[in-house]
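Structure assessment
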Amino acid sequence: MRDLLIVSTFIKLLLIPAYRSTDFEVHRNWLAITHSLPIDKWYIEKTSEWTLDYPPFFAWFEKFLSMFAALVDPGMLEIDKLGYASTETIIFQRLTVIISELVLFWALTRYAKYFGNKYVNWVIAGSIFLHPGLIIVDHIHFQYNGLLYGILVLSIVEAKRNNLLVSGILFAVLLNFKHIYLYMAPAYFVYLLQAYCFVQTNNGRHFSFKRLVVLGGSVVTVFAVSFGPFIHQLPAVFGRLFPFTRGLCHAYWAPNFWALYSGADRVLIIFAKRFGWNLNEAAISSMTRGYVGDTQFAVLPTVEAIHTMIITVIVQLVVLQKLWRKPTFDNFLSSLTLCGFASYLFGWHVHEKAIMIVLIPYGLLAVNNKANLRILIILSAAGIVSLYPLLFQPTETPIKITLTLLWFCAFIPALAYHVQTPLKNLMSTIEVNYLYGLILLQFYTGFIHDIIFGSGHLPFLPLMITSIYCSLGVVYGWGYFMLNYLLV
């Protein structure tokens, strides 16, 4: 693992000068807000459009980082300096991501130790720490997901060790860093209720009210510590955490079920015009539809937030019924991944980066059986390629492709060896052809589109094609995973 840390750190240091998204300015602004203002102003400050919209623990994390930022370049901590990006600021913020990711490294070390200390577990740990999606999102695009997934993996490891109270507390801490992990909360609730609150005695299993109080009290304490200082600003805090004014799909459709739904609507417009069907003209005027406001469809029925919630809950209940009946650790790990998967596939205004909430925990399941490894390959390929549009500059194209190819060449053969299946016999013909299609997709989006239409013309078309094609792989992987989980 030491060699892994050295290699990964070297790669990430080389990426310091790389492209950075507006998320870089988002986090610089949060440094400025938490450093310059009293806490009762943190969630109402709006000088910048990039307002603080993460839970309080992450705000305190930014406050902690700002103490060191003040020593490096005080200019980055001035709220009015929008878009400030001195060399010192860039290096400082990039290094904070690398250093905070040590939490993930520590968590994966514990994973490899407590999951049997087998060689394959070290391979899995390396595959997660060097995951191309994580490098793209954190070390180029710019976010702090490594820290957060580190807390998640620590919680999973404690569940494996049967330290269920500690696992629940860690997950509560995670929720107060980033609320997207609410996607996984139903699995935690069911598993902890069944595996921790029910106690096995000589007379059978009995519900322990004492354990429920201890567990509930511990979780409430975490939330009280987090939100307590903001007790008088709770409406403002929750208004930032849960904005419901956005549309069904993000400007770049995340490769989920709604991308296929939106794509089908675009195709049906052609038939509707030809056969004289009724059309929603307002929906035709916008290709992106869904950056903000209500998402409209020209032919298919409009989808509201309540519809996505109902579908998500139904899919999660299908998953959770097995966990309730058989509350084993393996079922817990599968169900929390599938709960996150359901929210990604059917949720409201899902960002493309959220695919990592599926890929990271699923990586821990990769070698449970041959089917899991097949699913991992499809999901990883589709998921990683779906992140490519985040790095839209030509200079980053060789980087993202090289990282992906090296990752697959380094880790997939080793995992295939563990399940005792040659790579050539692992995938079906359709699955292999789908992977070849991802290569053709990159040729089109990177070269052919500009040759045919010219640079700058129809810019949403490559994004739409990428989203729809990747969503086919993601939905296929989900369906395969669901069947494998429910039927085995």
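Not measured: the values here are computed from a predicted model.

Criteria and cut-off values
Residues numbered from 1 in each chain as written. Predicted model: local features only at pLDDT ≥ 70, side-chain atom pairs only at ≥ 80, totals over all residues. Heavy atoms only, no water. Salt bridge = Lys/Arg side-chain N within 4 Å of Asp/Glu carboxyl O. Buried < 20%, exposed > 50% of the residue type's maximum accessible area, 1.4 Å probe, protein only. Phe/Tyr/Trp six-rings, centres within 6.5 Å; stacked < 30°, edge-to-face > 60°. Helix = DSSP H or I, 4+ residues; strand = E, 2+ residues; numbered from the N terminus. Lys NZ or Arg CZ within 6 Å of the ring centre and 35° of its normal. Patch = residues over 30% accessible without salt bridge, like charges linked within 9 Å, V, L, I, M, F, W, Y side chains within 5 Å. Areas by Shrake-Rupley, 256 points an atom, 1.4 Å probe, with all protein chains shown as cover. Axes fitted to C-alpha atoms, helices over the stretch in contact; angles between N-to-C directions. Left-handed = near helix turned anticlockwise from the far one by under 90°. Contact = heavy atoms within 4.5 Å. Nonpolar A, V, L, I, M, F, W, Y, C, P; charged D, E, K, R; others polar. Bend = angle between axes of the 7 residues up to and from the residue. Parallel < 35°, antiparallel > 145°, perpendicular 65-115°, else oblique.

1. Details of the pattern of salt bridges
Tallied over the full model, the rule gives seven salt bridges. Lysine 81 is paired through a salt bridge with glutamate 78; the nearest N and O atoms lie 3.7 Å apart. You can call glutamate 78 partly exposed: its relative accessible area is 38%. The closest approach of N and O atoms between glutamate 352 and lysine 353, which form a salt bridge, is 3.6 Å. Lysine 353 shares its class with glutamate 352; the two are buried. Bridged by salt links that share partners, the residues Arg110, Glu158 and Arg161 form one connected network.

2. A closer look at the packing of aromatic side chains
Going through the model one piece at a time under the given rule, you end up with 39 aromatic pairs. Centre to centre, the rings of tryptophan 42 and tryptophan 60 are 4.9 Å apart; their planes meet at 65 degrees, and the pair counts as edge-to-face. Pair noted here: tryptophan 42 is in the loop between helix H2 (22-36) and helix H3 (56-72) and tryptophan 60 is in helix H3, with a separation of 18 residues, a long-range link. Assessed through its relative accessible area of 1%, tryptophan 42 is described here as buried. Looking at tryptophan 60, the relative accessible area reads 34%, which means it is partly exposed. For the pair tyrosine 434 and tyrosine 469, a centre-to-centre distance of 4.6 Å together with 10 degrees between the ring planes defines the contact as stacked. Highlighted residues: tyrosine 434 in helix H21 (residues 429-453) and tyrosine 469 in helix H22 (residues 460-487), separated in sequence by 35 residues. When its relative accessible area of 12% is taken as the criterion, tyrosine 434 is described as buried. Positioned above the aromatic ring of phenylalanine 115, the side-chain terminus of lysine 160 is 5.3 Å from the ring centre.

3. Let's talk about a nonpolar patch on the surface
Taken together, Tyr436, Ile439, Leu440, Phe443, Phe447, Ile448, Ile451, Ile452, Phe453 and Leu458 make up a surface patch of nonpolar side chains, about 1,100 Å² in accessible area. Within the secondary structure, isoleucine 439 sits in helix H21. Residue classification places isoleucine 439 among the partly exposed positions, given a relative accessible area of 47%.

4. Looking at the packing of helix H16 (residues 329-346) against H22
In the contact formed by H16 and H22, the axes pass within 11 Å of each other and the chain directions differ by 145 degrees. By crossing handedness, the relation of H16 to H22 is classed as left-handed. Between H16, through Asn331, Ser334, Ser335, Thr337, Leu338, Phe341, Tyr344, Leu345 and Phe346, and H22, the contact on the second element is made entirely by Val474, Val475, Trp478, Phe481, Met482 and Tyr485. Along the lines of polarity and charge, the residues of the contact of H16 with H22 split into 11 nonpolar, four polar and no charged.

5. Considerations on H21
Its axis deflected by about 45 degrees at tyrosine 444, H21 carries its strongest bend there. Its buried side turned inward, H21 meets helix H18 (370-386) and H22. Just downstream of H21 lies glycine 454, where phi reads positive at about 90 degrees.

6. With respect to the packing of helix H15 (residues 305-325) against H22
Orientation of H15 relative to H22, taken along the N-to-C sense of each, is 30 degrees, at an axis distance of 10 Å. Taken together, the axis directions place H15 and H22 in an arrangement best described as roughly parallel. Our pair here, H15 against H22, has a crossing hand that is left-handed. Within the contact between the two elements, H15 uses Val315, Val318, Val319, Gln321, Lys322 and Leu323 and H22 uses Trp478, Met482, Tyr485 and Leu486.

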